[in-house]
Amino acid sequence: MKYAIFCYNTLNIGDDIQSVATSMLLPYVDYYILRDNTDIIYDKNSNLINLVDINDKIILVMNGWFMLDPHGNFTQENIKFPIISNKIFPLFISCCFPPRNKELYSEHAIAHYKRFQPIGCRDKSTFDELKLHNVDCYISGCLTTTIQKPSNSLTINPQLICLCDVPKSLAQSRNIIKSHPNCTFVHITHYDEKYNKIH
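Residues numbered from 1 in each chain as written. Predicted model: local features only at pLDDT ≥ 70, side-chain atom pairs only at ≥ 80, totals over all residues. Heavy atoms only, no water.

### Observations concerning the pairing of strand 6 (residues 88-96)
And step 1. Of all nine residues that make up strand 6, seven are buried, and the element is covered over most of its length.
And step 2. The sheet contact formed by strand 5 (residues 58-65) and strand 6 spans seven bridges and is parallel. Its bridge partner lying in strand 6, Ile 59 is registered against Phe 89. (Buried < 20%, exposed > 50% of the residue type's maximum accessible area, 1.4 Å probe, protein only. Helix = DSSP H or I, 4+ residues; strand = E, 2+ residues; numbered from the N terminus. Pairing = 2+ DSSP bridges.)

So this is what it looks like as structure tokens:
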């Protein structure tokens, strides 16, 4: 049995952190499968390989937010999901299936979930929607919560507050600043254009 995790070609480095968390829970990672186009598979040496050339059974940890179309567009149509293969066995944990994406709740997708249930849900809206479709599921939360606390060698500044993807108008709000007068605020984002070039 081999293990696989998702890889991504998005600007959201939070996706990659999801896979870092996943890889820490596995004994090793053999394959990386592109979440939004599962025809693209890499081996552990970053070689592009074809699923037909793989003779192994693969457990694919299915976690995170689903999903873009194969061209990286936000859409509710033409997504490559679910993965139907006699070689890939999905392990659904920490999944976010937005209810607005009807393809994730198609009759075909629901049958797939029921085949591999229970489904770990990252959020309550996914849990509620799957329950409406009689899918056995539970709330697992986000896999990133399993990442261990950094070692004590790192300096932690309790006076620093990072506002990640908070609207600038809110980040500059006097109410926030007044409520924490001794703190320094840093406005950051988890989207980074430079990661668009990495693949």
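### Concerning unusual backbone geometry
And step 1. The omega torsion across Gln 117 and Pro 118 is 10 degrees, close enough to zero to call that bond cis.
And step 2. At Ser 46, a position not held by glycine, the phi torsion is positive, near 70 degrees.
And step 3. Among the structural elements, Ser 46 can be located in the loop between strand 3 (41-43) and strand 4 (48-49).
And step 4. For Ser 46, a relative accessible area of 58% translates into the label exposed.
And step 5. The phi torsion at Ser 94 lies on the positive side, around 55 degrees, for a residue other than glycine.
And step 6. Tracing the backbone through its elements, the reader meets Ser 94 in strand 6.
And step 7. For Ser 94, a relative accessible area of 1% translates into the label buried.

### A look at the confidence of the model for the protein chain
And step 1. Per-residue pLDDT for the protein chain has a mean of 83; in total, 83% of the residues score no lower than 70.
And step 2. Counting contacts from residues 195-199, a segment whose pLDDT is below 50, to residues more than four positions away or on other chains yields eight contacts. (pLDDT = per-residue confidence, 0-100. Contact = heavy atoms within 4.5 Å.)

### Quick look at the packing of aromatic side chains
And step 1. What the rule picks out here adds up to six aromatic pairs.
And step 2. Between Phe 6 and Phe 66, the aromatic rings sit 5.8 Å apart at their centres with planes inclined by 75 degrees, giving edge-to-face as the arrangement. Here Phe 6, found in strand 1 (residues 2-7), pairs with Phe 66, found in the loop between strand 5 and strand 6; they are 60 residues apart in sequence, far enough to count as distant.
And step 3. With relative accessibility at 2%, the residue Phe 6 sits in the buried group.
And step 4. Seen from their ring centres, Phe 92 and Phe 97 are 6.3 Å apart, and the 75 degrees between their planes marks the pair as edge-to-face. (Phe/Tyr/Trp six-rings, centres within 6.5 Å; stacked < 30°, edge-to-face > 60°.)

### Here we look at the state of the cysteines
And step 1. Considering all chains together, one arrives at zero disulfides under this definition.
And step 2. Of the cysteine sulfurs around Cys 137, a residue in no disulfide, the closest is that of Cys 121, at 4.3 Å.
And step 3. For Cys 137, a relative accessible area of 6% gives the class buried.
And step 4. As a non-bridged cysteine, Cys 142 has Cys 96 as the owner of its nearest cysteine sulfur, 9.6 Å distant. (Disulfide = S-S within 2.5 Å.)

### Focus on the environment of Ile 139
And step 1. With respect to the secondary-structure elements, Ile 139 resides in strand 8 (residues 137-139).
And step 2. Along the backbone, Ile 139 and Cys 121 are 18 residues apart, and their C-alpha atoms lie at a distance of 4.6 Å.

### Points about the pattern of salt bridges
And step 1. Tallying each qualifying case throughout the model produces three salt bridges.
And step 2. Across the salt bridge formed by Arg 35 and Asp 36, the nearest N and O atoms sit 2.9 Å from each other.
And step 3. Taking relative accessible area as the criterion, Arg 35 reaches 2% and is therefore assigned buried.
And step 4. Residue Asp 36 is classed as buried on the basis of its relative accessible area of 3%.
And step 5. Residue Lys 124 pairs with Asp 128 through a salt bridge whose shortest N-O separation is 3.0 Å. (Salt bridge = Lys/Arg side-chain N within 4 Å of Asp/Glu carboxyl O.)

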